[in-house]
Amino acid sequence: MKAKWYILEIIALVIGLLWLSPFYLMIVNAFKTKLEIFNNTLALPKEKTFQNFIDAFQQLNFAQTFLNSVLVSVASVALIIIFSSMAAYALSRNKGKVSNLIFFLFVAAMLVPFQSVMIPLVKIFGDLQSLNIWGLMFMYLGFGASLSIFLYHGSLQGISKSLDEAAMIDGASKWQIYWHVIFPLLKPISVTVGILNVIWIWNDYLLPSLVLGPGQETIPLKLFLFFGQYTKQWHLALAGLTISIIPVIIGYFFAQKQIIKGVSDGAVK
């Protein structure tokens, strides 16, 4: 029996090392020169240099690009949390064939790949002249709503309707019931929805590349600056990538307990 557990621990350790290997390659090579990266990608840097981070920071115009990413991520996630929680609340409290059908359509939408709708989507928004940073937020709301509604809907199954009835007897409107009674109880799942969508939106390249113009680039889009037709500046790209993931990792580290609780509360019951 003990031998079986040792084998499982070894397998888990190997899987953990494989999962961490991309982070190792990114961080180690961010301190190397371009020549050192091509000579030996896996080795530790012979002489650590922070010049890569300084050059990447300057060439990325990092302050402005970082603000663009923060604006898109925070505003998009706020929209997703508010509208998805309201939609899930309405669907969970109004049982019927219509609400079940709408919920099924939201769940089914998770199976639709973005690549199949990106051309007509961009064409529609292009005709509406909404292809800018605000139009991008609206698109993220549409693509992030399905999974978010699914998680909120599962979490709302564990909140008794008696709370709604008690608040209604006290004279509260449906909006007051949702905002002052239900929404505070959804904090764990809201943190989960927020982190999951921040990671996706912060790292997204394809949709911003179709929508945003000069001066509006997010960090992943701006990182493409280091990959030209004839040269690839891996040392600067990896340094810029290392800088860009730090905010998300810090946020995930502080919110990991709420994320685990939210996922378990949001499971289908």
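Keep in mind that what you see is a predicted model, and the values were worked out from it rather than measured.

All right, on to the overall build of the chain then. Within the chain one finds 13 helices and zero strands. What you see in the chain, going N to C, is helices and strands ordered as α-α-α-α-α-α-α-α-α-α-α-α-α. Across the chain, contacts joining residues at least 24 apart in sequence account for 74% of those joining residues at least 6 apart. As displayed, the chain offers around 16200 Å² of accessible surface, 71% of which is attributable to carbon and sulfur atoms.

Turning our eyes to something else, we now look at the pattern of salt bridges. All chains considered together, the criterion is met by one salt bridge. We note a salt bridge from R93 to D164, for which the minimum N-O separation is 3.2 Å. Of this pair, R93 sits in helix α4 (residues 62–93) while D164 sits in helix α8 (residues 162–169); the two residues are 71 residues apart in sequence, bridging distant segments of the chain. The exposure classification of R93 matches that of D164, with both residues buried.

With that settled, consider the packing of helix α7 (residues 133–156) against helix α10 (residues 187–203). At their nearest, the axes of α7 and α10 sit 10 Å apart, and the two run at 155 degrees to each other. Judged by the angle between their axes, α7 and α10 are roughly antiparallel. Considering how the two elements wind past one another, α7 and α10 form a crossing that is right-handed. For the pair formed by α7 and α10, the contact residues are Y140, F143, G144, S148, L151, Y152 and S155 on the first element and I189, S190, V193, L196, N197, W200 and I201 on the second. A class-by-class count of the residues in the contact of α7 with α10 yields nine nonpolar, five polar and no charged.

Glancing now at the layout of surface pockets. Considered as a void within the structure, the largest pocket measures approximately 390 Å³ in volume. Along the wall of the largest pocket there are 21 residues; nearest its centre are A109, V112, G142, F143 and G144. At the level of elements, α5 (97–109), α7, α10 and α11 (206–211) are the ones that each hand at least two residues to the lining of the largest pocket. For the lining of the largest pocket, the element with the highest residue contribution is α7, accounting for seven residues. The class makeup of the residues in the lining of the largest pocket is 15 nonpolar, five polar and one charged.

Now for the UniProt feature "transmembrane region" (unreviewed entry) in the chain. Those residues carrying the UniProt feature "transmembrane region" (unreviewed entry) are residues 7–27, 66–89, 101–121, 133–156, 177–202 and 234–255 in this numbering. The span residues 177–202 is 96% helix and 0% strand, and its two end C-alpha atoms sit 33 Å from each other.

A separate point is the packing of aromatic side chains. Scanning all chains against the criterion turns up 16 aromatic pairs. With centroids separated by 5.7 Å and ring planes inclined at 25 degrees, the aromatic side chains of F62 and F66 adopt a geometry described as stacked. With F62 and F66 both in helix α4 and four residues apart, this pair spans about one turn of that helix. For F62, a relative accessible area of 9% gives the class buried. Relative to F183, the ring of Y178 has its centre 5.8 Å away and its plane inclined at 55 degrees; by these criteria the two rings are tilted. Members of the aromatic cluster, each reached through a chain of ring pairs, are Y89, W175, Y178, W179 and F183.

Put simply, α4 and α7 touch, their axes get as near as 6 Å, and they point 40 degrees apart. Regarding the angle of α4 to α7, the classification is oblique. The interaxial crossing formed by α4 with α7 has right-handed handedness. Among the residues making up the contact of α4 with α7, the classes are represented as 21 nonpolar, eight polar and one charged.

With that out of the way, let us pick up the side chain of N29. Looking at where N29 falls in the secondary structure, it is placed in helix α1 (residues 2–30). You can call N29 buried: its relative accessible area is 2%. Engagement of the side chain of N29 in a polar contact is seen with the backbone oxygen of L25, the distance being 2.7 Å.

The subject of this paragraph is the confidence of the model for the chain. Per-residue confidence for the chain gives a mean pLDDT of 82; residues scoring 70 or more make up 89%. Mean pLDDT values over the elements of the chain span from 73, in helix α6 (residues 118–127), up to 91, in α4.

Among all residues save glycine, negative phi is the norm, and among peptide bonds the norm is trans. The phi dihedral of N61 falls on the positive side, at around 50 degrees, and the residue is not glycine. Topologically, N61 is positioned in the loop between α3 (51–59) and α4.

What counts and what doesn't
- Residues numbered from 1 in each chain as written.
- Predicted model: local features only at pLDDT ≥ 70, side-chain atom pairs only at ≥ 80, totals over all residues.
- Heavy atoms only, no water.
- Helix = DSSP H or I, 4+ residues; strand = E, 2+ residues; numbered from the N terminus.
- Contact = heavy atoms within 4.5 Å.
- Areas by Shrake-Rupley, 256 points an atom, 1.4 Å probe, with all protein chains shown as cover.
- Salt bridge = Lys/Arg side-chain N within 4 Å of Asp/Glu carboxyl O.
- Buried < 20%, exposed > 50% of the residue type's maximum accessible area, 1.4 Å probe, protein only.
- Axes fitted to C-alpha atoms, helices over the stretch in contact; angles between N-to-C directions.
- Parallel < 35°, antiparallel > 145°, perpendicular 65-115°, else oblique.
- Left-handed = near helix turned anticlockwise from the far one by under 90°.
- Nonpolar A, V, L, I, M, F, W, Y, C, P; charged D, E, K, R; others polar.
- 1 Å grid on protein atoms, 1.4 Å probe; cavity = no way out; pocket = protein on both sides within 12 Å on 5 of 7 lines; lining within 4 Å.
- Points joined across faces, edges and corners; volume = space filled by probe spheres on them.
- UniProt positions renumbered as here; feature names shortened; annotations may be inferred.
- Phe/Tyr/Trp six-rings, centres within 6.5 Å; stacked < 30°, edge-to-face > 60°.
- Polar contact = N/O pair within 3.5 Å; in protein donor to acceptor, adjacent residues only side chain to side chain.
- pLDDT = per-residue confidence, 0-100.

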